[in-house]
Amino acid sequence: MPQRAATIVGGGIGGLAAAIALHRRGWRVEVLERAPEFTEIGAGISLWPNALHALEALGLADAVRALGTVEATGGVRDRQGRWLSRTDNAELARRFGHPLVVLHRADLLRALTEALPGDCLRSDSEVSAVRDGGRCPVVDHRGGESRPDLVVGADGLRSAVRRTLWPDAAGPRYVGYTAWRMVTEPLAETPADGAAIWGRGARFGYTSLPGGRMYCFATVSLPAGSASGSSEYAELLRRFEHWPDPFPALLAAVPADTVLRHDLYDLPPLPSFVRGRVALLGDAAHAMTPNLGQGACQALEDAVTLAHCLDGTPDVAAALRSYDLLRRPRTQSIARRSARLGAVGQLAWPPAVLLRDTAARLMPTRATLRSMTPVLGWTAPGDR
């Protein structure tokens, strides 16, 4: 087949992974990113075994693991600091082939950009529209016009590609709670285990990053757009400084001007991720809450699966239909599961909180790991 061309709209994790997967199969790719540069800000990211399998298919698993850290154990605690459930990372690796790796999002993005030729990456190239050009789609962007064989919409929650080609689809919906994310300065002594603490209508979690830093996150049930009335750091102190150790020490090590806050949204299920020669990927297709740590993991799976479906066939539209059949049921199921977990974690009524915590404490570890198999047991197409 003659060399085919793909335009990837969005230079985040999913878009770059798709570009890598296609480039390594001989496609000519361009990645259009609306920001002035390819970068990520301020927070950590959890890569579960399924994401590492996807990165393995891209030839990047070892390089990415070297940028992160692997905690011995993690889990969930109650408001008094008592364990409700625990996860052994060695057991995760034994069951699923890889451990849970945590790293800074900026480090992952840098590893992905470095795996592509520089002339593939086009920053400051905001896309205004994607339209049917007859034999091929047409992408209108700040740098002009592209007419590729394939368009991949990987431009996030408020995707311009989705808005253009799925004009009747429901938009993002607020899930009922807001989130803070932050990274500490290096600590002299870091907690031995990572954990998420479930309170009443609020959660606070932490996990290790390389160099003695900790990635922390918090959620509180609030109306969308609620203003703090002060700095976000001051708001965190007000809400969480009296929570059990190690929270006071972690908050004290966070630079006050680096705290990020975002209301959380997910995406109602789409009836299809494809339109002709255009495919949606990652948050543009199935934005989900972060409760399972699967947003970026599913985008990486999408990228590898998309490239696999396009292998060996000149019929791009047929390949995309196969991609849709493989990815839509799985990602939408995981999005629903993540939303349910978030609703449980944000419970505020004391009797419901007591029932939740008791049920979690009584759940055998084996049952917890078994319940994770449908999510974490994914392997790349062709490796099965």
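In the block above lies the structure referred to throughout.
Presented here is an overview of the structure given in this document. Since the structure is predicted, the reported quantities are computational estimates derived from the model, not experimental observations.

## Topic: the packing of aromatic side chains
Tallied over the full model, the rule gives seven aromatic pairs. Here the aromatic rings of Tyr215 and Phe217 are separated by 5.9 Å at their centres, their planes lie at 45°, and the arrangement is tilted. For Tyr215, a relative accessible area of 10% puts it in the buried group. Using a relative accessible area of 28% as the deciding quantity, one classes Phe217 as partly exposed. When the centroid spacing of 5.9 Å and the interplanar angle of 75° are considered together, the rings of Trp243 and Phe247 count as edge-to-face. By the burial criterion, Trp243 is buried, and Phe247 matches it.

## Looking at helix α2 (residues 49-57)
Counting buried residues in α2 gives seven out of nine residues, a clear majority hidden from the surface. One or two residues past the end of α2 sits Gly59, with phi positive at roughly 80°.

## Concerning the packing of helix α1 (residues 13-23) against helix α5 (residues 105-113)
Following both chains from N to C, one finds α1 and α5 inclined at 25°, their axes separated by 9 Å at the closest point. In terms of their interaxial angle, α1 and α5 are classed as roughly parallel. Handedness of the α1/α5 crossing: left-handed. Contact residues: α1 offers Ile13, Leu16 and Ile20, while α5 offers Arg105, Leu108, Leu109, Leu112 and Thr113. When its residues are assigned to classes, the contact of α1 with α5 shows six nonpolar, one polar and one charged.

## Considering the sheet that holds strand β2 (residues 28-32)
Strand pairing in a sheet relies on backbone hydrogen bonds, with the paired strands running either antiparallel or parallel. Read across the open sheet, the six strands follow the order β7-β2-β1-β11-β18-β17; overall the sheet is mixed. Two strands in the sheet have a free side with no partner beyond their single neighbour: β7 (121-122) and β17 (274-275). Of the strand pairs in this sheet, strand β11 (residues 150-153) and strand β18 (residues 278-280) are connected by three bridges, and their pairing is parallel. Bridge assignment links Val152 to a residue of β18, and that residue is Ala279.

Quick notes on the rules
- Residues numbered from 1 in each chain as written.
- Predicted model: local features only at pLDDT ≥ 70, side-chain atom pairs only at ≥ 80, totals over all residues.
- Heavy atoms only, no water.
- Phe/Tyr/Trp six-rings, centres within 6.5 Å; stacked < 30°, edge-to-face > 60°.
- Buried < 20%, exposed > 50% of the residue type's maximum accessible area, 1.4 Å probe, protein only.
- Helix = DSSP H or I, 4+ residues; strand = E, 2+ residues; numbered from the N terminus.
- Axes fitted to C-alpha atoms, helices over the stretch in contact; angles between N-to-C directions.
- Parallel < 35°, antiparallel > 145°, perpendicular 65-115°, else oblique.
- Left-handed = near helix turned anticlockwise from the far one by under 90°.
- Contact = heavy atoms within 4.5 Å.
- Nonpolar A, V, L, I, M, F, W, Y, C, P; charged D, E, K, R; others polar.
- Pairing = 2+ DSSP bridges.

Such coordinate-based values are descriptive only and should not be taken to indicate function.
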